[in-house]
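Residue strings, one per chain:
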Amino acid sequence: AQRVTQPEKLLSVFKGAPVELKCNYSYSGSPELFWYVQYSRQRLQLLLRHISRESIKGFTADLNKGETSFHLKKPFAQEEDSAMYYCALELLASGAGSYQLTFGKGTKLSVIP
Amino acid sequence: EAGVTQFPSHSVIEKGQTVTLRCDPISGHDNLYWYRRVMGKEIKFLLHFVKESKQDESGMPNNRFLAERTGGTYSTLKVQPAELEDSGVYFCASSQSSSYNEQFFGPGTRLTVL
């Protein structure tokens, strides 16, 4: 069965330090992966998606099919990066023709001034 | 442009009562999704509407949950009767197309069953 694992519940880094939020997945098909972010008192929003191969707010994520990983990275953390980060896998529900998101449990990033 | 809205933002009910959650998607979005996060667990898919039709309801936990989307606009999710384990945050999301497309999330409804 498909699964998304985010091993760290909480990650604390100092401002200016590099950040890496880990995400591993298990899926027999061709994965489409996303990172969603939820800032304090805000709704869940898309940060970036694998298919776009873009950098958003300085964050990047590379799909490594060999290691089944999609880690989120930023070279220099900023205080405004503090938030909950969710890795998500989009999969096609067999027989239903429906694409749904499977989420990891999330990692809370805390950037210390 | 208004985003996805959900009502109420918070609901506290007693076990055995009925609660109805509402979601208004972004105008023009045919796809509407319901998700739920219970305490300590990940956000889980409940079901997916395309316009007024249920495309996939494989994530609905049991027959106490009923979702509707009359006219293909807003959607309701009714829990009847509510149980303690139904407590959590219920999210609604909408998108223009169903695949590889950004899902826009609402703020969620926090349901507490006492």
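Everything quoted here is computed from the prediction, not taken from an experiment.

**Q** Describe unusual backbone geometry, with residues and values.
**A** The peptide bond linking Phe7(B) to Pro8(B) adopts the cis configuration, its omega dihedral lying at -5°. With respect to the secondary-structure elements, Pro8(B) resides in the loop between strand E1 (5–7) and strand E2 (10–13). Cis geometry marks the peptide bond from Gln80(B) to Pro81(B), where omega comes out at -10°. One can find Pro81(B) in the loop between strand E8 (75–79) and strand E9 (88–95). For Lys57(A), which is not glycine, the phi dihedral falls at a positive 50°. Counting through the fold element by element, Lys57(A) comes out in the loop between strand E6 (45–49) and strand E7 (60–61).

**Q** Can you break down the nonpolar core residue by residue, with the values?
**A** By size, the foremost hydrophobic cluster in this structure holds 24 residues, and its most contacted members are Trp35(A), Leu47(A), Leu48(A), Phe70(A), Leu72(A) and Tyr85(A). Of all elements in the fold, only strand E2 (10–14), strand E3 (19–21), strand E5 (32–38), E6, strand E9 (83–93) and strand E11 (107–112) of chain A reach the threshold of two or more residues within this core. With 4 residues, the top contributor of residues to this core is E9(A). If we skip the residues at most four places from it in the chain, Leu48(A) touches Phe34(A), Trp35(A), Glu54(A), Ile56(A), Phe59(A), Thr60(A), Ala61(A), Phe70(A) and Leu72(A). If you look at the next biggest cluster of nonpolar residues, it comprises 21 residues, including Val4(B), Phe49(B), Phe65(B) and Val113(B).

Parameters at a glance
- Residues numbered from 1 in each chain as written.
- Chains lettered and ligands numbered in written order.
- Predicted model: local features only at pLDDT ≥ 70, side-chain atom pairs only at ≥ 80, totals over all residues.
- Heavy atoms only, no water.
- Helix = DSSP H or I, 4+ residues; strand = E, 2+ residues; numbered from the N terminus.
- Core = buried A, V, L, I, M, F, W, Y, C linked by side-chain atoms within 4.5 Å.
- Buried < 20%, exposed > 50% of the residue type's maximum accessible area, 1.4 Å probe, protein only.
- Contact = heavy atoms within 4.5 Å.

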